[in-house]
Amino acid sequence: MASITEHIDRVTLIPQSYLKAVLPAPRAVKIEISGRCNYRCGFCALRTRESQPKEDMSFSFFTRVADQMREAGVEELGLFYLGESFMNPSALVDCIHYAKKELEFPYVFLTSNASLAYPEIVNACMASGLDSLKWSVNASDASQFSKVMGVSSRFYTQSLHHIRSAWKIREAESYQTGLYASSILYDDKQKKAMQPVLETSILPFVDEHYWLPLYSMGSFATEREKVLGYRPIAGNQGRLDKLRNPLPCWSVFTEAHITTEGHLSACCFDATNHWSMGNLHEMSFMQAWNAPQFVSLRQAHLEQNIKGTVCENCMAYD
């Protein structure tokens, strides 16, 4: 099985055949099982929501859209977007099972903050065929955790415990799930600050760890930049060791994103449906993927002239 960074790099590199406005199905899709999250991370676009979603995605909607995506040729399915999917553990397990056992997606993956990844649920996810489980680990200690994530430091200890537990479950049951972790490099000091916790509590319990830059989160990071003191980069340029050019943005071409409400978004960080290209309650996946507004936006990216588009402010950091 390819490593997680190999999967990421294939998605963030726009192949020549995808450098056009009207496209075949994307290789990968992230679909938001739950838009809720128990964290309030200062760098996350979720903070821009005036209120948390009250309802998660229905299973019937998920199966309908998943059927369409698989038929169109989607190969990789992420069962998350911006929300924390372990907020609805039973739905998460059901969706993994359906994607792997019924539709036979080659690669089903998940990113989580680990705080709610209780052993019995992780075991069920792995048993259902989850291919990749990545932990988002973004604090060097309990103090930084509380400051940046905006919640009690008890979640910090809890998440580290769950990361160790997941490794033990996989090894004991011989599951094939890859276990990974990523960390955000807020500034030049963060890598050194995080080294102790990485060496003791993360690296021994994952197959691979990698670093991410601080993303602009669709330009919404500006609202927290002065508070946290961290400067984001333009757009989503992928992981630090394999940065891509911000324009054209790979997110517009190679990976689709579906919100809990059923909107197909053009952005990796759309917490408010600001980048919605179509409502999948009203149209099919491929109709939205090549909707006129999406085609027009891709053309602007190809011309590297996004002034006046919904992407303009995100790229203003460049």
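Heads up: the structure comes first, above all this text.
Residues numbered from 1 in each chain as written. Predicted model: local features only at pLDDT ≥ 70, side-chain atom pairs only at ≥ 80, totals over all residues. Heavy atoms only, no water.

**Q** So what's going on with the overall build of the protein chain? Residues and values would help.
**A** Helix and strand counts for the protein chain stand at 10 helices and nine strands. Computed over C-alpha atoms, the radius of gyration of the protein chain comes to 18 Å, within 12% of the 20 Å expected from 2.2 N^0.38 for 318 residues, which places it in the range of a compact globule. Across its three principal directions, the C-alpha atoms of the protein chain cover 50 × 45 × 35 Å. Across the 318 residues of the protein chain, 61% fall into the buried class. (Helix = DSSP H or I, 4+ residues; strand = E, 2+ residues; numbered from the N terminus. Rg over C-alpha atoms; globule rule 2.2 N^0.38 Å. Buried < 20%, exposed > 50% of the residue type's maximum accessible area, 1.4 Å probe, protein only.)

**Q** I'd like a rundown of the side chain of Glu76, residues and numbers included.
**A** Within the fold, Glu76 resides in strand 2 (residues 76-78). Residue Glu76 is classed as buried on the basis of its relative accessible area of 4%. Those residues in contact with Glu76 that sit more than four places away from it in its chain are His7, Arg10, Val11, Arg27, Ala28, Val29, Phe105, Tyr107 and Phe109. (Contact = heavy atoms within 4.5 Å.)

**Q** Explain the packing of aromatic side chains to me, and be specific about the residues and the numbers.
**A** Considering all chains together, one arrives at 10 aromatic pairs under this definition. Through a chain of ring-to-ring contacts, three or more aromatic side chains come together here, namely Tyr39, Phe145, Phe155 and Tyr156. It is Arg154 that lies over the ring of Phe155; its NZ or CZ is 4.2 Å from the centre. It is Arg298 that lies over the ring of Phe294; its NZ or CZ is 3.9 Å from the centre. (Phe/Tyr/Trp six-rings, centres within 6.5 Å; stacked < 30°, edge-to-face > 60°. Lys NZ or Arg CZ within 6 Å of the ring centre and 35° of its normal.)

**Q** Tell me what's going on with the sheet that holds strand 4 (residues 132-136), and back it up with residues and numbers.
**A** Across the sheet, nine strands lie side by side as 6-5-4-3-2-1-7-8-9; this open sheet has mixed pairing. Edge positions in the sheet fall to strand 6 (208-213) and strand 9 (276-279), since each of these pairs with one other strand and no more. Neighbour-to-neighbour, the strand axes of this sheet turn through a mean angle of 25°, independent of strand direction. Sheet analysis places strand 3 (residues 107-112) next to strand 4, joined by four bridges and oriented parallel. Across the sheet, the residue bridging to Ser112 is Trp135, located in strand 4. Along the sheet, helix 1 (residues 4-12) contacts strand 1 (28-31), strand 2, strand 3, strand 4, strand 5 (178-185), strand 6 and strand 7 (255-258); its crossing angle with strand 6, the most-contacted strand, is approximately 35°. In the packing of helix 6 (residues 154-173) onto the sheet, the strands contacted are strand 4 and strand 5, and the crossing angle to strand 5 comes to about 160°. (Pairing = 2+ DSSP bridges. Axes fitted to C-alpha atoms, helices over the stretch in contact; angles between N-to-C directions.)

**Q** An account of the nonpolar core is needed here, citing residue identities and associated values.
**A** Judged by nonpolar contacts, the single largest core of 106 residues is most densely connected at Phe62, Met69, Leu79, Phe86, Trp135, Met149 and Ile258. It is helix 3 (residues 89-102) that contributes the most residues to this core, seven residues altogether. (Core = buried A, V, L, I, M, F, W, Y, C linked by side-chain atoms within 4.5 Å.)

**Q** Could you give an account of the packing of helix 6 against helix 7 (residues 190-202), naming the residues involved and the relevant values?
**A** In contact at an axis separation of 10 Å, helix 6 and helix 7 are set at 45° when each is read in the N-to-C sense. Put simply, helix 6 runs oblique to helix 7. Residue-level contacts link Tyr156, Leu160, Ile163 and Arg164 of helix 6 to Val197, Ser201 and Ile202 of helix 7. Taken together, the residues that form the contact of helix 6 with helix 7 break down as five nonpolar, one polar and one charged. (Parallel < 35°, antiparallel > 145°, perpendicular 65-115°, else oblique. Nonpolar A, V, L, I, M, F, W, Y, C, P; charged D, E, K, R; others polar.)

**Q** Any details on the packing of helix 3 against helix 4 (residues 119-127)? Residues and values, ideally.
**A** At a minimum axis distance of 9 Å, the contact between helix 3 and helix 4 shows a crossing angle of 15°. One finds that helix 3 runs roughly parallel with respect to helix 4. Read as a crossing pair, helix 3 and helix 4 show a hand that is right-handed. Contact residues: helix 3 offers Pro89, Leu92, Val93, Ile96 and Lys101, while helix 4 offers Ile121, Ala124, Cys125 and Ala127. Classifying every residue of the contact of helix 3 with helix 4 gives eight nonpolar, no polar and one charged. (Left-handed = near helix turned anticlockwise from the far one by under 90°.)

**Q** I'd like a description of the environment of Tyr215, backed by residues and values.
**A** Considering the arrangement of structural elements, one finds Tyr215 in the loop between strand 6 and helix 8 (222-228). Residues Tyr215 and Tyr186 lie 29 residues apart in sequence; the distance between their C-alpha atoms is 9.4 Å.

**Q** Kindly report on helix 3, identifying the contributing residues and their values.
**A** Quick reminder: α-helices carry 3.6 residues per turn. Residues three or four places apart thus point the same way. For helix 3, with 14 residues, the first-to-last C-alpha span of 19 Å sits near the 20 Å given by 1.5 Å per residue. Along helix 3, the residues classified as buried are Ala91, Leu92, Val93, Cys95, Ile96, Tyr98, Ala99 and Lys100. Summarising the contacts, the buried residues of helix 3 are in contact with helix 2 (59-72), strand 2, strand 3 and helix 4. (Expected span 1.5 Å × (residues − 1).)

**Q** Hey, could you go over the pairing of strand 7 for me, with residue numbers and the actual values?
**A** In strand 7, alternate side chains face the same way, and those of Glu255 and His257 on one face and Ala256 and Ile258 on the other are all buried. Relative to strand 7, strand 1 is paired through four bridges, and the arrangement is parallel. Bridging across to strand 7, Val29 finds its partner in Ala256. One ladder, built from two bridges, connects strand 7 with strand 8 (residues 263-265); its direction is antiparallel. Among the inter-strand pairings, His257 is bridged to a residue of strand 8, identified as Ser265. In sequence, strand 7 turns back onto strand 8 through a hairpin of four residues, with Gly262 there showing a positive phi of about 100°.

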